[in-house]
Amino acid sequence: NEMHLFYSRDEFIGKSIDEIINYKPLAQQVYEYMSQVLIDGNAKSVDFKTPAHLQKDNWYRLQIKRVISNQDSLIFIISDITEAKKLELEQNIQEKKFNQAFNYSGIGMVIVKLNGEYIDVNLVLLQMLGLDKDSIKSYNFLENTHPEDLEVTIANREKLLGRIFLFKRVKF
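Residues numbered from 1 in each chain as written. Predicted model: local features only at pLDDT ≥ 70, side-chain atom pairs only at ≥ 80, totals over all residues. Heavy atoms only, no water.

Participant: Which residues make up helix 3 (residues 24-40), and what values do they have?
Facilitator: Under the 1.5 Å per step criterion, the end-to-end length of helix 3 is 24 Å for 17 residues, consistent within 8% with the ideal 24 Å. Restricting attention to buried positions, one finds in helix 3 the residues Leu26, Ala27, Val30, Tyr33, Met34 and Val37. In an axial view of helix 3, the angular spread of the buried residues amounts to 120°, which keeps them on one side of the axis. Every exposed residue of helix 3 that faces more than 90 degrees away from the buried side is listed here: Lys24 and Ile39. Tucked inside the fold, the buried residues of helix 3 contact helix 2 (17-21), strand 3 (44-49), strand 4 (59-66) and strand 5 (74-80). Two residues or fewer after helix 3 comes glycine 41, characterised by a positive phi angle close to 80°. (Helix = DSSP H or I, 4+ residues; strand = E, 2+ residues; numbered from the N terminus. Expected span 1.5 Å × (residues − 1). Buried < 20%, exposed > 50% of the residue type's maximum accessible area, 1.4 Å probe, protein only. Arc of directions from axis to C-beta. Contact = heavy atoms within 4.5 Å.)

Here it is in structure tokens:
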């Protein structure tokens, strides 16, 4: 007996949205989306987690679409998005780690576009340069590079254009 979502195919037959979802706030949202899709024809989707009583950590996306050939009918598509959610969570963790390293580091750091325009600067670098976030945006990274370091900095930038994704330059 093949399992679909958390039920076998036979267990879907004759069940209401409330019985399948078994979580009133989500079921209410699905009913609202059903009404909206029938009215405006625009598809809706909602992400939800496996019910707690099943003790699984799976995520699903329910898409609700109107049937083109029968405007009063809806199609429900349920997809397992567990892996995508895990990747999203991992990406969020990595972004938080990067932001903590960037913002709370004891060294000056900058994120720049390839043309040298500042995207973001940490507080330490602003203090080193004696500038604030608004005034530094009028500068270009290359303008704050010591003339002796300029050639190496430009060469490293060219490496980035050639798909080397990281370079560092310690400036004293």
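Participant: Could you give an account of the sheet that holds strand 5, naming the residues involved and the relevant values?
Facilitator: The strand order across the open sheet formed by three strands is 3-4-5, and the pairing between neighbours is antiparallel. Sheet topology places strand 3 and strand 5 at the edges, where each strand pairs with a single neighbour. Strand-to-strand twist of the sheet, defined as the mean angle between neighbouring strand axes without regard to direction, takes the value 20°. Relative to strand 5, strand 4 runs antiparallel, the two sharing seven bridges. Note that in strand 5 the partner of arginine 61 across the bridge is serine 79. Against the sheet, helix 3 engages strand 3, strand 4 and strand 5, with an angle of about 30° to strand 4. (Pairing = 2+ DSSP bridges. Axes fitted to C-alpha atoms, helices over the stretch in contact; angles between N-to-C directions.)

Participant: Any chance you could break down the pattern of salt bridges for me, citing the residues and the numbers?
Facilitator: Opposite charge on two side chains makes pairing possible when the charged atoms of those side chains draw close. Taken as a whole and assessed by the stated rule, the structure comprises six salt bridges. With its nearest N and O atoms 3.5 Å apart, the salt bridge here joins lysine 85 to aspartate 47. Placement of lysine 85 in helix 4 (residues 82-104) and of aspartate 47 in strand 3 is noted, with a sequence separation of 38 residues between them. The class of aspartate 47 is partly exposed, set by a relative accessible area of 27%. For the salt bridge of lysine 86 with glutamate 83, the shortest nitrogen-to-oxygen distance reads 3.7 Å. Of this pair, lysine 86 and glutamate 83 are both found in helix 4, three residues apart, which corresponds to roughly one turn of the helix. (Salt bridge = Lys/Arg side-chain N within 4 Å of Asp/Glu carboxyl O.)

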